[in-house]
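Topology and contacts: notes
What follows is each chain in one-letter form.
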Amino acid sequence: MGVLYVSDLDGTLLRSNERTSEYTNNVINSLTERGMIFSYATARSLITAKKVTSGINAKIPVIVYNGAFVMDNRTENILIANYFDGSVKLVLEDLFANEVYPIVYAHIDDKEKFSFVPKLCSPGMNAFLKSRKGDVRTNAVGAANDLKAGKVFYITCIDEPKKLKPLYEKYKDIYHCVYQTDIYTNEQWLEIMPANASKSKAIKQLQAFLKCEKLVVFGDGKNDIDMFELADESYAVQNAHEDLKRIATGIISSNEEDGVAKWLDENFVEMPK
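All of these numbers come straight from a predicted model, not from anything done at the bench.

What follows concerns the environment of Glu 229. Structurally, Glu 229 is set in helix H8 (residues 225-230). Sequence spacing of Glu 229 and Gly 11 is 218 residues, and the spatial spacing of their C-alpha atoms is 19 Å.

Listed below in structure tokens is the structure:
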């Protein structure tokens, strides 16, 4: 029986320095060599996810952009894709009408880009964009309407809660929306994705793709609840939100103590060939 192991990144597999430890890298690389089927699921792009997990060189499928894509960690090929349909243009127009000008991720001329209007960026957006300085996907545009270009798959709004909360309430039952405070900057984020793009749905797609019968997951935040509910076994790190701990199969060591890697090292059983 094939087992798929999936971990969240930030606050779970990553330490607070936004990196996987040498121990975690060695465990995952070693166990995947022995046949472990492992993936991580993150809101990050593949580019930023690979930076913070640079020591993991195993060939694994990874879930990025909160489930918009499943991609090959080595070839960077898209294995499974979830894009918005044409209704996304109406969503963007509604955001503009509420003076929210997001960062929009899309494939434009077959290249991944994140677009934004510099003169309309909030302070939180500017701080985020500064952290992505030099990123090849950067696409500064001149006007809000330019944000509608390409095949859109992810919308990130970083602004005041009083502006974002009503938009979350409006769209949460139509699209996959994540409304939360960023754990590193304390800025309020609203992320809007296609309805089929979520960690749990992407994991389900990946599980079918890999023909794995059992699912074991690891997480720390309330946004991991859906994948915990999907899993056969679910483990919350010690630093996890109490709501997640309440539904977990068990509690493991914290992200600072490499809890996921330690659990895998102690519990992974190699299947006979």
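That shown, we press on.
Per the counting criterion, the structure on display carries 18 salt bridges. Residues Asp 10 and Arg 44 are paired through a salt bridge, measuring 2.8 Å at the closest nitrogen-oxygen approach. Separated by 34 residues along the polypeptide, Asp 10 in helix H1 (residues 9-13) and Arg 44 in the loop between strand S2 (37-41) and helix H3 (46-52) bring together distant segments of the chain. Neither residue differs from the other here; Asp 10 and Arg 44 are each classed as buried. Taken together, the shared-partner salt bridges in this structure form one network comprising Asp 8, Lys 199 and Asp 224.

The next point concerns helix H7 (residues 199-210). The terminal C-alpha atoms of H7 lie 16 Å apart, and with 12 residues this matches the ideal 16 Å at 1.5 Å per residue to within 8%. Three or more residues of H7 are buried, namely Lys 199, Ser 200, Ala 202, Ile 203, Leu 206 and Gln 207. Seen from one end, H7 has its buried residues packed into an arc of 160 degrees, which puts them on one side. Residues of H7 that are exposed and point over 90 degrees away from its buried face: Lys 204 and Ala 208. The first or second residue beyond H7 is Lys 211, which carries a positive phi of 60 degrees.

What follows concerns the packing of aromatic side chains. Going through the model one piece at a time under the given rule, you end up with 21 aromatic pairs. Lying over the aromatic face of Tyr 83, Lys 151 brings its terminal NZ or CZ to 4.3 Å of the ring centre.

Our focus in this paragraph is the pairing of strand S13 (residues 233-237). Within S13, 5 of the 5 residues are buried, which leaves it mostly tucked inside the rest of the structure. Neither face of S13 is left uncovered, since the one carrying Glu 233, Tyr 235 and Val 237 and the one carrying Ser 234 and Ala 236 both have all their residues buried. One ladder, built from 4 bridges, connects strand S12 (residues 214-219) with S13; its direction is parallel. What sits directly across from Gly 219, in S13, is Ala 236. A crossover links S12 with its parallel partner S13, the connecting element being H8, and its sense is right-handed. Pairing analysis gives 3 bridges linking S13 to strand S14 (residues 250-252), with the strands arranged parallel. Across the sheet, the residue bridging to Tyr 235 is Gly 250, located in S14. Where the polypeptide runs from S13 across helix H9 (residues 242-247) and back to S14, its parallel neighbour, the crossover connection is right-handed.

The rules behind each value
Residues numbered from 1 in each chain as written. Predicted model: local features only at pLDDT ≥ 70, side-chain atom pairs only at ≥ 80, totals over all residues. Heavy atoms only, no water. Helix = DSSP H or I, 4+ residues; strand = E, 2+ residues; numbered from the N terminus. Salt bridge = Lys/Arg side-chain N within 4 Å of Asp/Glu carboxyl O. Buried < 20%, exposed > 50% of the residue type's maximum accessible area, 1.4 Å probe, protein only. Expected span 1.5 Å × (residues − 1). Arc of directions from axis to C-beta. Phe/Tyr/Trp six-rings, centres within 6.5 Å; stacked < 30°, edge-to-face > 60°. Lys NZ or Arg CZ within 6 Å of the ring centre and 35° of its normal. Pairing = 2+ DSSP bridges. Right-handed = clockwise from strand over helix to strand, strands pointing away.

Read these as layout, nothing more, since geometry by itself doesn't imply function.
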